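Residue-level structural notes
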Amino acid sequence: MAKKKLSFEEALETLEALAEQIEEGSVGLEESITKYEEGMKLIAQCRQMLSQAEQKIQKLQERADGTLEAKPMKRPKSDEPAAR
Amino acid sequence: MDAPVTRPPFNPELIPERPARAAPPAPNGTVTVSQVTAMVRRALADALPATLHVVGELSNFKRHGSGHLYFTLKDDASELSCVMWRSDAARMKFAPTDGLEVVATGKVEVFERAGRYQFYVRKLEPRGVGALELAFRQLREKLEREGLFDPAHKMPLPAFPRRIALVTSPTGAAVADMINTIERRFPCVTILLYPVRVQGPGAADEIARAIRAVNAKVESIGGVDVMIVGRGGGSLEDLWAFNEEIVARAIYAARIPIVSAVGHEVDVTISDLVADVRAATPTAAGELVVPVLDEVVAGVNALADRLSRGLASRLNIDRTKLAALSSRSAFRDPRAVVYRRDQLLDELAVRLYRRAVERSAHGRRRLDAVAPAVDRIAPHRFLLQRATQLQSLDHRLQALVTRLANAAERRLAAAMERLERVSPARTLPLLADRVERAARGLGAAQKHKARLATARLAAAEGRLQAVSHRSVLARGFSVTRLKKGRTVVRWLAGVEDGTRLVTQVADGEFESQVVNLTQLELFD
């Protein structure tokens, strides 16, 4: 069984592989069902990742000690016509 | 203090500060060297314009340790020795080299101590091409030789970034374009803006510093998947920071993929060439770094469909396999089982007959053995009677065996005939053939009927198989299932004393409980 926290890209790759295995019929029926369930869990995870629609904009600033900090910021306004 | 007697090494930097020496008295009718030089100087100053633009070819170019430049401008006939002070040299973007055709701006003055005139250059421009353009070409050649544009060094962009860093000006259209584009296409990301100046003195240093900072401290800000470095359109001078070597090197050194988005489509900068990907505009950069959410969602849905369809077709294949299996001879043609029993019966009949013949032969042998004695005693008549009796017994035995065998055979034939009538193996092809012939005869409009017939055929198949199954039950076989789970009991595994069972017979089922469980020693 795959690890719990996959990146979106890894989840898609795993899903692709699962779909292929089920389609090819290279695994037993019992295993096909297990893989299907695993796939559906990943699908749910992917959908959840995509639905985190709250876009955040942060401002990076260098502190005096050279480290970086990220502060929330408002979206900058365009004060001239958009380039092309 | 007075100057030393020997001439100091040539150092033009000292020239402006050096006070003119008081000319020593000269004999009548003569002038001193200094006086001649002063006269020449005045004459030159009167005769020449304060500013000259001189066209020529660079040669003997030297950059002194002090930062001042010394070189000669020449044409086919003459040479002009030139000086360019450090402060003027520092403003120059391109690197002067021997052989370069240039336009030098400055003024001619006399270098009094050496007694020669020199051209003091304030500004040097390559001829026929802008200074910035030349500088761009020179840096491009240099970095290309060093491999900074090598495609092998370029990193692919992540397909689904979660965190995107922007190194650009916090104001203006460019940053808004980037953010709007990213937000519109793929809202589930975090954007980290590192504000920098993108033009003017110090801009290149700020940009390079920002790139290095994001790259080095990527963990402390929660990770960055891709960086966009850029600005909106402007003049070549405005974009210049992105043509500076320090920015190019910072981009090259970064381990995070970088998209360079500087100016408009037509503007190509050194940053664009070093970056992993060049975007024609800030908007294009946004389009390059993130996919369109709807398309990604559609992709995920397609995968979900594939999983479901894959499993469904998998189940269908297994169902077909099961059907094929259940139609295999043992299930489909029970006659085979009967034939085997038939053979056994034949063998038994033969053995029975042999035993009977043996018994009769044995009796005859015993009779033969006692015959001489009996002969002697001479109860002839009695013995003859017994022999006749024995013979008739022998006949009766033979007849009986034959009759038994015949009866068994007749019963078998009748059973087979009945089985043949119900066996789907025999009836199905006939039905199928009929349906097929009917379908062939039908017009296209009546295909529907053929389908109905096929469905009826399938139903008939079902019924026939049910009959066949029931007929097996009727022959005295039964199906025993665990009451719990209803799985068919084939072996003792899962059965123990007290287990509740449901047994199905031809006309119903009953429940029972296991007692005295005994395992057969079937194998060795």
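To start, this report covers the structure provided alongside it. Keep in mind that what you see is a predicted model, and the values were worked out from it rather than measured.

For the rest of this paragraph, the subject is the overall build of chain B. When helices and strands are counted, chain B shows 14 helices and 13 strands. A total of 524 residues make up chain B; the buried ones form 21% of that total. Within chain B, contacts between residues separated by at least 24 positions form 63% of all contacts whose residues are at least 6 apart in sequence.

Our focus in this paragraph is the overall build of chain A. Each helix and strand in chain A was counted, giving 2 helices and 2 strands. Tracing chain A from N to C terminus, the helices and strands come up as α-α-β-β. The buried share of chain A, taken over its 84 residues, is 19%.

Attention now goes to the sheet that holds strand β5 (residues 116–126) of chain B. Residue and element names in this part refer to chain B. Here we have 5 strands rolled up into a closed barrel, ordered β1-β2-β3-β5-β4, and mixed in their pairing. Between one strand axis and the next, the sheet turns by 55 degrees as a mean value, whatever way the strands run. The strands that helix α1 (residues 33–47) touches are β4 (101–111) and β5; relative to β4, the one it contacts most, it runs at about 135 degrees.

Let's shift gears to the interface of chain B and chain A. Of the residues lining the interface, 45 residues belong to chain B; the matching set on chain A comes to 43 residues. For the side of chain B that touches chain A, the elements supplying multiple residues, two or more each, are α4 (173–185), β7 (190–195), α5 (203–216), α8 (282–289) and α9 (293–326) of chain B. If one sorts the elements of the side of chain B that touches chain A by residue count, α9 of chain B sits on top with 13 residues. A breakdown of the residues in the side of chain B that touches chain A according to their chemical character gives 29 nonpolar, 10 polar and 6 charged. The pairing of strand β1 (residues 56–62) of chain A with β7 of chain B spans 4 bridges and is parallel. In the strand pairing of β7 of chain B, K59 of chain A is matched with L193 of chain B.

Turning next to the environment of A506 of chain B. Residue and element names in this part refer to chain B. Relative to the helices and strands, A506 is located in the loop between β12 (500–505) and β13 (508–513). The exposure class of A506 is partly exposed, given the 14 C-beta atoms found within 10 Å. The spacing of A506 and R475 is 31 residues in sequence and 8.3 Å in space, taken between C-alpha atoms.

The next thing to look at is the nonpolar core. Formed by 63 residues in total, the largest nonpolar core has its most connected members in V167, I207 and V214 of chain B. The element contributing the most residues to this core is α5 of chain B, with 8 residues. Residues in contact with I207 of chain B, not counting those within four places in the same chain, are V167, V196, V198, V229, A241 and V247 of chain B. By size, the runner-up hydrophobic cluster in this structure holds 15 residues, among which are L12, L18, A19 and I43 of chain A.

Here we take up helix α3 (residues 131–146) of chain B. Residues and elements named next belong to chain B. Here α3 contains 16 residues, and its C-alpha end-to-end distance of 23 Å stays within 8% of the 22 Å for a straight helix at 1.5 Å per residue. Within the span of α3, buried status applies to L134, A135, F136 and L139. For α3, the elements touching its buried residues are β5, α6 (245–253) and α7 (270–274). Of the residues trailing α3, G147 is marked for its positive phi of about 90 degrees.

All names here are of chain B. Relative to the assigned elements, D150 resides in the loop between α3 and β6 (163–168). You can call D150 exposed: it has 11 C-beta atoms within 10 Å. As a C-alpha pair, D150 and D276 span 126 residues in sequence and 9.7 Å in three-dimensional space.

Attention shifts here to the sheet that holds strand β11 (residues 479–482) of chain B. Residues and elements named next belong to chain B. Strand order across the open sheet formed by 3 strands is β11-β12-β13, with antiparallel pairing between neighbours. Strands at the two margins of the open sheet, each flanked by one partner only, are β11 and β13. Here the average twist between neighbouring strands, direction ignored, is 25 degrees. Bridge count for β12 against β13 is 6 bridges, and the pairing is antiparallel. Bridging from a neighbouring strand, V505 pairs with G508 of β13.

Turning next to the pairing of β4 of chain B. Residue and element names in this part refer to chain B. Of the strand pairs in this sheet, strand β1 (residues 52–63) and β4 are connected by 6 bridges, and their pairing is antiparallel. Directly across from V54, in β4, lies its bridge partner A104. Pairing of β4 with β5, which is carried by 10 bridges, proceeds in the antiparallel orientation. The partner of F111 across the bridge, within β5, is R116.

A few words now on unusual backbone geometry. Glycine aside, negative phi is the norm for most residues, and most peptide bonds take the trans geometry. Residue and element names in this part refer to chain B. The phi torsion at R486 lies on the positive side, around 60 degrees, for a residue other than glycine. Relative to the assigned elements, R486 resides in the loop between β11 and β12. At N516, a residue that is not glycine, the phi angle is positive and equals roughly 50 degrees. Relative to the helices and strands, N516 is located in the segment after β13. Judged by C-beta crowding, with 5 C-beta atoms within 10 Å, N516 ranks as exposed.

A few words on the packing of α4 of chain B against α8 of chain B. Residues and elements named next belong to chain B. At a minimum axis distance of 8 Å, the contact between α4 and α8 shows a crossing angle of 30 degrees. Taken together, the axes of α4 and α8 are roughly parallel relative to one another. When you trace α4 past α8, the crossing you get is right-handed. Between α4 and α8, the contacting residues are A174, D177, M178, T181, I182 and R185 on the first element and P282, T283, A285, G286, E287 and V289 on the second. Grouping the amino acids of the contact of α4 with α8 by side-chain chemistry returns 6 nonpolar, 3 polar and 3 charged.

When two helices pack together, their arrangement is given by the angle between their axes and by how far apart the axes lie. All names here are of chain B. For the pair α5 and α6, the least separation of the axes is 8 Å and the interaxial angle reads 10 degrees. Taken together, α5 and α6 sit at an angle that is classed as roughly parallel. In contact with A204, D205, I207, A208, I211 and R212 of α5, α6 contributes I246, V247, A250 and I251. The class makeup of the residues in the contact of α5 with α6 is 8 nonpolar, no polar and 2 charged.

Reading guide: rules and limits
- Residues numbered from 1 in each chain as written.
- Chains lettered and ligands numbered in written order.
- Predicted model: local features only at pLDDT ≥ 70, side-chain atom pairs only at ≥ 80, totals over all residues.
- Helix = DSSP H or I, 4+ residues; strand = E, 2+ residues; numbered from the N terminus.
- Buried ≥ 20, exposed ≤ 12 C-beta atoms within 10 Å, placed from the backbone.
- Contact = placed C-beta atoms within 7 Å.
- Pairing = 2+ DSSP bridges.
- Axes fitted to C-alpha atoms, helices over the stretch in contact; angles between N-to-C directions.
- Nonpolar A, V, L, I, M, F, W, Y, C, P; charged D, E, K, R; others polar.
- Core = buried A, V, L, I, M, F, W, Y, C linked by C-beta atoms within 7 Å.
- Expected span 1.5 Å × (residues − 1).
- Parallel < 35°, antiparallel > 145°, perpendicular 65-115°, else oblique.
- Left-handed = near helix turned anticlockwise from the far one by under 90°.

Limitation: the analysis is restricted to geometry and does not speak to function.
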